[in-house]
Amino acid sequence: MTTLNRFWGVLPALTIIGGLTTASVAMAQSASSASESMGATTGLGTHHRFPTVAAAQAHCPGDTIVWSNGKGLTYHMVSGSSGMASHGFYACKMEADSAGFHPAG
């Protein structure tokens with residue numbers, strides 16, 4: 001068997017292994033890390049995403065707090081001062097706007 005034939009015989013296995021490795025690395029990342037690495041945000045990184053309204057207000061006192069799940073770079077205005085982000089995050093409106101987010105709807 002020639003070297004070229006051996007290469008073509010091994011290539012499908014290498015392709016599968018490479019795909020599995022890439023998938024496992026992507027699954028090991030947090031949701032926000034994965035979306036950032038894929039370009040889903042343009043500057044609203046994990047240091048500007050908060051699990052509670054209080055944490056966001058402490059970061060940017062005086063700014064309006066918004067909530068987003070990161071999809072479509074949209075956010076919703078937050079009513080009230082309590083709450084936890086279960087499938088999203090809270091952020092400062094000015095930072096979200098400058099990162100390319102916009103009001104939903």
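Residues numbered from 1 in each chain as written. Predicted model: local features only at pLDDT ≥ 70, side-chain atom pairs only at ≥ 80, totals over all residues. Heavy atoms only, no water.

Engineer: When you look at the overall build of the protein chain in this model, what are you seeing that I'm missing?
Structural biologist: Helix and strand counts for the protein chain come out as four helices and four strands. In sequence order, the secondary structure elements of the protein chain are arranged as α-α-α-β-β-β-α-β. Put simply, the protein chain has 105 residues, and 24% of those count as buried. Surface accessibility of the protein chain: about 6900 Å² in total, with carbon and sulfur atoms responsible for 65%. (Helix = DSSP H or I, 4+ residues; strand = E, 2+ residues; numbered from the N terminus. Buried < 20%, exposed > 50% of the residue type's maximum accessible area, 1.4 Å probe, protein only. Areas by Shrake-Rupley, 256 points an atom, 1.4 Å probe, with all protein chains shown as cover.)

Engineer: Help me understand the pairing of strand β2 (residues 74–77) in this model?
Structural biologist: Side chains on a regular strand alternate between the two faces of the sheet. Where strand β1 (residues 65–68) lies against β2, two bridges are found, and the strand directions are antiparallel. Across the sheet, residue Val-66 finds its bridge partner in β2, namely Met-77. Linking β1 back to β2 in an antiparallel pair, the connection comprises five residues, with Gly-70 at a positive phi of about 85 degrees. (Pairing = 2+ DSSP bridges.)

Engineer: So what exactly am I meant to see when it comes to the sheet that holds β1 here?
Structural biologist: In sheet architecture, strand pairing relies on hydrogen bonds along the backbone and comes in two forms, parallel and antiparallel. Pairing within the open sheet is mixed, and its four strands lie in the order β3-β1-β2-β4. Strands with a single pairing partner mark the edges of an open sheet, and in this sheet they are β3 (89–92) and β4 (102–103).

Engineer: Explain the packing of aromatic side chains to me, please; I cannot follow it from the model alone.
Structural biologist: For the structure shown, the criterion picks out one aromatic pair. A cation sits over an aromatic face here: Arg-49 above Phe-89, 4.5 Å from the ring centre. (Phe/Tyr/Trp six-rings, centres within 6.5 Å; stacked < 30°, edge-to-face > 60°. Lys NZ or Arg CZ within 6 Å of the ring centre and 35° of its normal.)

Engineer: I keep staring at the environment of Asp-63 and nothing clicks. Help me out?
Structural biologist: Mapped onto the fold, Asp-63 is located in the loop between α3 (53–59) and β1. By relative accessible area, Asp-63 is classed as buried at 16%. Taking C-alpha positions, Asp-63 is 9.4 Å from Glu-95, a pair spaced 32 residues apart along the chain. Those residues within four positions of Asp-63 in sequence are excluded, and the remaining contacts are Cys-92, Lys-93, Met-94 and Glu-95. Only 3.0 Å separates the side chain of Asp-63 from the backbone nitrogen of Met-94, close enough to count as a polar contact. (Contact = heavy atoms within 4.5 Å. Polar contact = N/O pair within 3.5 Å; in protein donor to acceptor, adjacent residues only side chain to side chain.)

Engineer: Where do I start with the state of the cysteines in this structure?
Structural biologist: Among covalent bonds in proteins, the disulfide is the one between the sulfur atoms of two cysteines. Counted by the stated rule, this structure contains one disulfide. Residue Cys-60 pairs covalently with Cys-92 via a disulfide, S to S 1.8 Å. With the S-S dihedral at roughly -95 degrees, the linkage between Cys-60 and Cys-92 falls on the left-handed side. Highlighted residues: Cys-60 in the loop between α3 and β1 and Cys-92 in strand β3, separated in sequence by 32 residues. For Cys-60, a relative accessible area of 10% translates into the label buried. (Disulfide = S-S within 2.5 Å.)

Worth remembering: the numbers are spatial, not functional.
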